[in-house]
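A look at the structure
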Amino acid sequence: MLKATLRSFLAHKGRLLLSALAVLLSVAFVAGSLIFSDTVTRTFDRLFASTSADVTVNPKKDLSSSNLSGTTRTVPVSLGERVRSVDGVAAVHAEASVENITVVDDGNDPVGPTTGAPTIATAWQPTDRSPVRLTSGRAPNGPAEALLDADTADAKHLGIGDTLTVIARPGSFKVTIVGIATFRTTNPGAALVFLDPPTARQALLGADDLATALSVDAAPGVSDEVLKQRIAAVLGDAYDLETAAEQARTAAAELGSFLSIIKWVMLGFAGIAVLVGVFLIVNTFSMLIAQRTRELGLLRAIGADRRQVRRSVLVEAVLLGLVGSTLGLATGIALAWGLIGLMGAFGMNLKSTEMVIGWGTPVASYAVGLGVTFVAAYLPARRAAGVSPMAALSDAEITGVGRPLRRRAAAGAVVGALGAAALVGCATADRTATASSLLGIGVVLTLTATVIAGPLLVRPVIRVLGGAFPVVFGPVGRLSQRNALRNPRRTGATAAALMVGLALVGGMSVASASMTASFDRQIDKTLGADFTVQNGMGLPFPQEITEKVRATEGAGLVVRSRMTKLALTMPDGRRVESTASGYEPRLDDVTRLTYASGNTASALAPGHLAMERDFADEYGLAVGSRVPVEFPGLVRAELTVGALTDMDTPEGPGIRGGLFMGFGTVEKYVPGGQDSALFVNAAPGTGADTLRTRLEATLDPYPQVKVRDQADYKKLVHDQVAVLLYLVYALLGLAIVIAVLGVVNTLALSVVERTREIGLLRAIGLGRRQLRRMIRLESVVIAVFGAVLGLGLGLVWGLAVQRVLALEGMTALAIPWGTIVAVVVGAVVVGLAAALLPALRASRMNVLAAIAHE
């Protein structure tokens, strides 16, 4: 049996090739994501371990770590004297390092990265643990000199003698590059500007006696843990102390959140490839077994039992999995190498020679590859074991249409009813967490039900979709329609691969269109200012920008906004962290707020706070309620609820309750912060276009801020949502690639299966062109069938997702009909493309040889 199995596998290796490609893609994304994340993790672990001080004295962690308010957490430089007196301390360095800056060259172009990595200005204090070393020029000395890292200098074509402008919270200042510093290990993607220590403290922090941290070197023979305990005994719990190992773990955890995004995206691709590949493999083995009915019957006739036949088919699947997994692992290594190179283009200079392939990568790769093929082939293997020895004496084909389809109908109805109930529960839920859970359950169950019941939908749907074929294409059209109807199980499984991807696209397209429509509606309802000046990354900006805007000719009313993190202690004792905004008076002149209770004056009154009505109801608050509030810096206060809004405002991550208060209240409890937005109206007699031109000219030296009107804000939101859509479209592309492989495989095997039939059709007058058209039409109707099922399912999912979004304030519903039409047209193109090779092969058959085919 083993010998027969191996020969059978080698005899059908061409037919199994496309299935192996599906396994290859699945494994490649798994292996690539693991190799890439392991490589980055090890590289940065080495960087953090080699650059962390023995002990670091940090400010006490609090809400200010979010940096929304633009403040910088500091420790007094004088604290270094107390630390230096501790037994076992060899040296203490007062650090001055900030990220909330912008650096521009002589042309006002940003010097820092545009990929989200920070631009860091820090004090130049070289030690054995410094991440960089001076490779050309000299160290900075005085307030007008600086070092620049070599990667940034190369990327921006800067060198010694060039001038930079540093835009920091205390104010802007110019420096001349006097040296270039090169990273010892890996550049994490940031741009580094080094100043001499006194300049760094004064220019970045605004005071000579402040530092962002103290780096402590241990004396020989003193461990980090022991030194940390000794310093803690002197300082108490007023500061956070970290050893080198703890600091490395903290930095690695922060990096892990970035890596997890990449890893989960790639694993999402792997999941789609696995899911769609299962349909392809099931279909391939089902058709191969159907075509080998006589062969399997002969094996049974000469003594093979059911278990041996089933084992034989599963061994073929395992061999397929081994081949696909091995090729997939190799492809995954190439994919990881490409990702490492891509990160270099974004400024993170990893070395492909240090690629890490841990033992878990091949284990996971082969587990995925073998698991997918084994699971997918199990049902066809059971079906093969049921072949009767008498089948060897006839031309019987295993179709399994009668009773199994009735069982499918019952199972599909039960699972579909449960899925529909979950989606209905999602649509009627009043809590986001509950609705999201029911949505996930509903998506899984309805997808499963559609896959189970797919063959039952083949006949009614394809009769409608292909109803015009006989009229338009005559007998060829009728033959193509009947071929698609011949085996509903096969047609359903082939279309299911395409259905999965299109259901995902349909659902996410409705969700994204609804999100953008909700934000558009909210912008129209609330934004009343002519222009808004805001940081492109949503971060705060220095006071000098506000002053420049106020002084711009034609600028009338300017209302400042400042953001801060805070934590509310609710009446039931729960602590709720959120983000609040502070506004200057005359807010009503630049926004359109609607109130359920109170007004803008009561909302912005000193010591008052406004929030959304639903948020207040959830926690039992009302106008006049007193709420304990914690601000950054562990500052505590008790504010009065002054007004309740009724806005259904869309909420982002970490933003709850629509909280806002007076600008003075924020400044009182979070002093020294920076503005996050300016709402600007044109002065009487100045047109909006004229003011915009003047504002843009004023802000040209400050590339971090942008001037936006309502249309600009809408475009910004659309672009941000588009990033999510691009990911979905990429998943769709992968699903389509595998689905095309499935259609090609199905048609190719179908051509082999119908060899004699094709020969007879040719013999009675069917031309080569007509034969190719028949196969193309069959392919198109299968692809469109999958598209119709996928889009129908996706629309239902999209409606359910929109109800979840409505709980977060995004109440608009929008259905992107253009996308839906484009997907259907694309399905026709996919069907035509998938039929090219099978149709060409069928048209080249020798007629007499085809008729004589067994």
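Remember, predicted model here, so these are calculated numbers, not experimental data.

Criteria and cut-off values
Residues numbered from 1 in each chain as written. Predicted model: local features only at pLDDT ≥ 70, side-chain atom pairs only at ≥ 80, totals over all residues. Heavy atoms only, no water. Helix = DSSP H or I, 4+ residues; strand = E, 2+ residues; numbered from the N terminus. Buried < 20%, exposed > 50% of the residue type's maximum accessible area, 1.4 Å probe, protein only. Contact = heavy atoms within 4.5 Å. Phe/Tyr/Trp six-rings, centres within 6.5 Å; stacked < 30°, edge-to-face > 60°. Lys NZ or Arg CZ within 6 Å of the ring centre and 35° of its normal. Pairing = 2+ DSSP bridges. Axes fitted to C-alpha atoms, helices over the stretch in contact; angles between N-to-C directions. Left-handed = near helix turned anticlockwise from the far one by under 90°. Nonpolar A, V, L, I, M, F, W, Y, C, P; charged D, E, K, R; others polar. Salt bridge = Lys/Arg side-chain N within 4 Å of Asp/Glu carboxyl O. Polar contact = N/O pair within 3.5 Å; in protein donor to acceptor, adjacent residues only side chain to side chain. Expected span 1.5 Å × (residues − 1). Bend = angle between axes of the 7 residues up to and from the residue. pLDDT = per-residue confidence, 0-100. Patch = residues over 30% accessible without salt bridge, like charges linked within 9 Å, V, L, I, M, F, W, Y side chains within 5 Å. Areas by Shrake-Rupley, 256 points an atom, 1.4 Å probe, with all protein chains shown as cover.

1. Here's the deal with the overall build of the protein
Scanning the protein for helices and strands turns up 25 helices and 24 strands. Across its three principal axes, the protein shows a C-alpha extent of roughly 95 × 65 × 55 Å. The proportion of buried residues among the 854 residues of the protein is 52%. In the protein, of all internal contacts separated by at least 6 residues, the share reaching a separation of at least 24 is 83%.

2. Overview of the environment of Ala190
In this fold, Ala190 is placed in the loop between β10 (172-183) and β11 (191-195). Judged by relative accessible area, which is 7%, Ala190 ranks as buried.

3. Remarks on the packing of aromatic side chains
Counted by the stated rule, this structure contains six aromatic pairs. Taking the centre distance of 6.2 Å and the plane angle of 45° together, the rings of Tyr583 and Phe679 count as tilted. On the criterion of sequence distance, the pair formed by Tyr583 in strand β17 (residues 575-583) and Phe679 in strand β23 (residues 677-682) is long-range, its members being 96 residues apart. With respect to burial, Tyr583 and Phe679 carry one shared label: buried. A network of ring pairs unites the aromatic residues Tyr583, Phe660 and Phe679 as a single cluster. Geometry around Tyr713 places Arg708 over its ring, the cationic atom sitting 5.8 Å from the centre.

4. Side note on the pairing of β10
Direction of pairing for strand β7 (residues 132-137) relative to β10: antiparallel, over a ladder of five bridges. Following the sheet pairing, Leu134 is matched in β10 by Ala181. In this structure, strand β9 (residues 163-167) lies alongside β10, joined through five bridges in antiparallel fashion. Bridge assignment links Val166 to a residue of β10, and that residue is Phe173.

5. Some details on the packing of helix α15 (residues 488-526) against helix α23 (residues 768-807)
With their axes 5 Å apart at the nearest point, α15 and α23 run at an angle of 35° to one another. The element α15 and its partner α23 pack so that their crossing is right-handed. Considered class by class, the residues forming the contact of α15 with α23 number 21 nonpolar, eleven polar and no charged.

6. Focus: the sheet that holds strand β1 (residues 55-59)
Pairing is antiparallel in the open sheet, where four strands are placed in the order β3-β13-β1-β14. Taken across any chain shown, the strands that pair with only one partner, and hence form the sheet edges, are β3 (89-95) and β14 (239-243). Neighbour to neighbour, the strand axes of the sheet diverge by 20° on average, direction disregarded. For β1 and β14, the ladder comprises five bridges, and the chain directions are antiparallel.

7. A few points about the pattern of salt bridges
Throughout the structure, instances matching the rule amount to 24 salt bridges. One salt bridge in this structure joins Arg550 and Glu584, with 3.3 Å as the shortest N-O distance. Of this pair, Arg550 sits in helix α16 (residues 543-550) while Glu584 sits in the loop between β17 and β18 (595-597), and the two are 34 residues apart along the sequence. For Arg550, a relative accessible area of 41% puts it in the partly exposed group. Looking at Glu584, the relative accessible area reads 15%, which means it is buried. One salt bridge in this structure joins Asp675 and Arg560, with 2.9 Å as the shortest N-O distance.

8. A short note on the side chain of Lys228
For Lys228, the position within the fold is in helix α6 (residues 224-235). Here the side chain of Lys228 touches Glu246 through a polar contact of 3.0 Å, side chain to side chain.

9. Some words on the pairing of strand β6 (residues 119-123)
The buried count for β6 comes to five of five residues, which makes it a mostly enclosed element. What you see with β6 is no split at all: Thr119, Ala121 and Ala123 on one side and Ile120 and Thr122 on the other are buried throughout. By the bridge criterion, five bridges tie β6 to β11 in an arrangement that is parallel. Across the sheet, the residue bridging to Thr119 is Ala191, located in β11.

10. Digging into helix α12 (residues 432-465)
Helix length check: α12, at 34 residues, gives a terminal C-alpha distance of 39 Å against a target of 50 Å (1.5 Å per residue), a shortfall beyond 12%. For α12, every residue scored as buried is listed here: Ala435, Leu439, Gly442, Thr446, Leu447, Ala449, Thr450, Ala453, Gly454, Pro455, Val458 and Ile462.

11. What about the packing of α23 against helix α24 (residues 817-843)?
Closest axis-to-axis distance for the α23/α24 pair is 7 Å, and the angle between their directions is 145°. Remark: the crossing between α23 and α24 carries right-handed chirality. Taken together, the residues of the contact of α23 with α24 break down into 20 nonpolar, three polar and three charged.

12. Things to note about α15
Over its 39 residues, α15 runs 54 Å from end to end, which matches the ideal 57 Å to within 8%, given 1.5 Å per residue. The sharpest bend along α15 measures roughly 35° and falls at Ala496. Extensive coverage of α15 is indicated by the burial of 32 of its 39 residues.

13. Some points on unusual backbone geometry
Notably, His157 is not glycine yet its phi reads approximately 60°, a positive angle. With respect to the helices and strands, His157 occurs in the loop between α4 (150-156) and β9.

14. Quick look at the confidence of the model for the protein
Averaged over all residues, the pLDDT of the protein equals 83, while 91% of them reach at least 70. Here residues 396-403 is a poorly scored stretch, pLDDT under 50, and it has 17 contacts once near neighbours within four places are set aside; other chains count.

15. Considering a nonpolar patch on the surface
Residues Phe374, Val375, Tyr378 and Leu379 make up a contiguous nonpolar surface patch of about 390 Å² in total accessible area. You can see Val375 is positioned in helix α10 (residues 360-385).

16. Focus: the environment of Arg42
Assignment of secondary structure puts Arg42 in helix α2 (residues 13-51). Linking Arg42 and Arg694, residues 652 residues apart in sequence, is a C-alpha distance of 50 Å.

17. What about the environment of Tyr583?
Look at Tyr583 and you get buried, because its relative accessible area is 17%. Considering only alpha carbons, one finds Tyr583 and Phe663, 80 residues apart in sequence, at a separation of 4.6 Å. Non-local contacts of Tyr583, meaning those with residues more than four positions away in its chain, are made with Arg560, Ser561, Leu604, Phe660, Met661, Gly662, Phe663 and Phe679.

18. A closer look at the side chain of Thr102
Of note, Thr102 is situated in strand β5 (residues 102-104). Among the residues examined, Thr102 registers a relative accessible area of 13% and is labelled buried. Among the polar contacts made by the side chain of Thr102, one reaches the side chain of Gln704 at a distance of 3.5 Å. Setting aside residues no more than four positions away along its own chain, Thr102 makes contact with Thr165, Val166, Ile167, Pro703 and Gln704.

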